[in-house]
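The residues making up each chain are set out below.
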Amino acid sequence: MLDSETSASSPAILVEGLYKTYPGKIEAVRGVDLSVADGEMLAIMGKSGSGKSTLLNLIGTLDRPDKGRIKIHGQDTSSISNLARFRREEIGFVFQLHYLLPHLSLLENVALPIQGKPDAQMLATEALEQVGLGHRIRHVPTKVSGGERQRAAIARAIVNRPRVLLADEPTGNVDSEIESTLLDLFQALQSELGMTLIVVTHEPTVAERANRIVHYKDGKIEEIAPNPENAVLKDVK
Ligand SMILES: Nc1ncnc2c1ncn2[C@@H]1O[C@H](COP(=O)(O)OP(=O)(O)O)[C@@H](O)[C@H]1O
Ligand SMILES: [Mg+2]
């Protein structure tokens, strides 16, 4: 059930007073507050080891914070009983590595998260068409290019039509030409499907596409900078 604060005007993602320490006193997240507007693209930049993946995993409910609160579309994630289902329905994940299963076709890979649904095949085909892979659905991952594999991973992430997409260095493993097509795709997901995106990245070229850029350092947000080149969501605070 959605709680009473849920409304069209609540941010897509609200993070309050978030902390996460790993064994060995590794303070990966040390007091993060963040609000991401519905339909916004946010980039998170920072050095390796600064805690970006930990923060993204906490937001995506893949991991639990020691302290603090995460709300997704107004819903407090700490009170969700079936987190696996919540994630499947609300959040798409894209990682640096595609994690496609090598023996399955792209279609079968993309249909995996919605296995058992009567229209799984159709939805998976649609998602693959959406990422420009309508002509490759029967291929196995080894028979397509690196960029196509990453696009298939994006198709798998969006097959369930989540409103939020979390991407952890999604272009870390591809060359700049492919990077640019992946970025076009992210922007299309934002503008055409109205998705909210958080993209962790090292690449300034990736961050340039975002509406705001979070500079992250030692487990904290150092600065949140509106992107003057792409400030379509000017009223976002
Ligand atoms: N599961 C874990 N157990 C223990 N330490 C971890 C774990 N995951 C990450 N860390 C440590 O937490 C810190 C932040 O890691 P991470 O969130 O992966 O940073 P980033 O994504 O910015 O490179 C690092 O020091 C890393 O070694
Ligand atoms: Mg990381």
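Residues numbered from 1 in each chain as written. Chains lettered and ligands numbered in written order. Predicted model: local features only at pLDDT ≥ 70, side-chain atom pairs only at ≥ 80, totals over all residues.

S.K.: Please explain the overall build of the chain as it appears in this structure.
M.R.: Looking only at helices and strands, the chain features seven helices and 10 strands. In terms of C-alpha radius of gyration, the chain reaches 17 Å, essentially the compact-globule figure of 18 Å for 237 residues. Once the C-alpha set of the chain is aligned to its principal axes, its extents read approximately 45 × 40 × 40 Å. When the 237 residues of the chain are sorted by exposure, 43% land in the buried category. Across the chain, every contact between residues at least 6 apart in sequence was considered, and the portion connecting residues at least 24 apart equals 70%. (Helix = DSSP H or I, 4+ residues; strand = E, 2+ residues; numbered from the N terminus. Rg over C-alpha atoms; globule rule 2.2 N^0.38 Å. Buried ≥ 20, exposed ≤ 12 C-beta atoms within 10 Å, placed from the backbone. Contact = placed C-beta atoms within 7 Å.)

S.K.: Would you explain the sheet that holds strand β10 (residues 220–226) in this entry?
M.R.: Paired through backbone hydrogen bonds, the strands of a sheet run either parallel or antiparallel to each other. Strands sit in the order β6-β7-β8-β3-β9-β10 across an open sheet of six strands; the sheet is mixed. If you trace the sheet from one side to the other, it starts and ends with β6 (91–94) and β10, each paired once. Averaged over all pairs of adjacent strands, the angle between their axes in this sheet comes to 15 degrees, without regard to strand direction. Sheet analysis places strand β3 (residues 41–45) next to strand β8 (residues 196–200), joined by four bridges and oriented parallel. Each residue of the ladder has a partner; that of Leu42, found in β8, is Ile198. Along the sheet face, helix α6 (residues 176–193) touches β3, β7 (164–168) and β8 and points at about 155 degrees away from the line of β8. (Pairing = 2+ DSSP bridges. Axes fitted to C-alpha atoms, helices over the stretch in contact; angles between N-to-C directions.)

S.K.: Explain the sheet that holds strand β4 (residues 67–72) here, please?
M.R.: Strand order in the open sheet formed by four strands is β2-β1-β4-β5, and the pairing between neighbours is antiparallel. Each end of this open sheet is capped by a strand with a single partner; those strands are β2 (26–36) and β5 (75–76). Relative to β4, strand β1 (residues 13–22) runs antiparallel, the two being bridged by five bridges. Among the inter-strand pairings, Val15 is bridged to a residue of β4, identified as Ile70.

S.K.: I tried to follow the site of ligand 1 on my own but got confused; where do I start?
M.R.: Taken together, Tyr22, Ile26, Ala28, Gly46, Ser48, Gly49, Ser50, Gly51, Lys52, Ser53 and Thr54 make up the full set of residues adjacent to ligand 1. Here the residues of the shell around ligand 1 sort into three nonpolar, seven polar and one charged. (Near = placed C-beta within 6 Å. Nonpolar A, V, L, I, M, F, W, Y, C, P; charged D, E, K, R; others polar.)

S.K.: What is the right way to look at the nonpolar core in this model?
M.R.: In globular proteins that are soluble, nonpolar side chains generally tend to be buried together. If you look at the biggest cluster of nonpolar residues, it comprises 62 residues, and the most contacted ones within it are Ala43, Val110, Leu128, Ala155, Leu165, Leu197 and Val199. Per-element accounting of this core gives the leading share, six residues, to helix α5 (residues 146–158). Ignoring any residue separated from it by four or fewer positions in sequence, one finds Val110 in contact with Ala124, Ala127, Leu128, Ala152, Ala155, Arg156 and Val159. (Core = buried A, V, L, I, M, F, W, Y, C linked by C-beta atoms within 7 Å.)

S.K.: Is there a simple way to explain the environment of Ala152 in this structure?
M.R.: By secondary structure assignment, the location of Ala152 is in helix α5. Accessibility expressed as a C-beta count within 10 Å gives 26 for Ala152, which makes it buried. Along the sequence, Ala152 and Ala124 sit 28 residues apart, while their C-alpha atoms lie 10.0 Å from each other. Once residues lying within four places of it in the same chain are set aside, the contact partners of Ala152 are His98, Leu100, Leu106, Asn109, Val110, Leu128, Leu133 and Pro141.

S.K.: Any chance you could explain the packing of helix α4 (residues 120–130) against α5 here in plain terms?
M.R.: Each pair of packed helices can be summarised by the angle the axes make with each other and by the distance between the axes. Direction vectors running N to C along α4 and α5 enclose 135 degrees, while the axes themselves pass 8 Å from each other. The orientation of α4 relative to α5 falls into the category oblique. The handedness of the crossing between α4 and α5 is right-handed. Across from Ala127, Leu128 and Gln130 in α4, the residues of α5 making contact are Ala152, Ala155 and Ile158. (Parallel < 35°, antiparallel > 145°, perpendicular 65-115°, else oblique. Left-handed = near helix turned anticlockwise from the far one by under 90°.)

S.K.: Help me understand unusual backbone geometry, please; the structure alone is not making it clear to me.
M.R.: Excluding glycine, a negative phi dihedral is what most residues carry, and trans is how most peptide bonds are arranged. Phi angles above zero are rare outside glycine, and His73 is one such case at about 50 degrees. Looking at the secondary structure, you find His73 in the loop between β4 and β5. Taking the number of C-beta atoms within 10 Å as the measure of exposure, His73 has 19 and is therefore partly exposed. The phi angle at Arg161 is positive, at roughly 55 degrees, despite the residue not being glycine.

S.K.: What is the right way to look at the pairing of β10 in this model?
M.R.: Moving residue by residue along a regular strand, the side chains alternate between the two faces of the sheet. Two elements, strand β9 (residues 212–217) and β10, share six bridges in a ladder whose sense is antiparallel. Within β10, the position partnered with Val214 by the bridge is Ile224. Following β9, the chain reverses through two residues before pairing antiparallel with β10; Asp218 in that reversal takes a positive phi of roughly 45 degrees.

S.K.: Help me understand helix α1 (residues 52–59) in this model?
M.R.: Residues three or four positions apart in an α-helix share a direction because the helix packs 3.6 residues into each turn. The buried fraction of α1 is high, at six of eight residues. Among the residues making up α1, those that are buried are Lys52, Thr54, Leu55, Leu56, Leu58 and Ile59. Phi turns positive one or two residues past the end of α1, at Thr61, with a value near 60 degrees.

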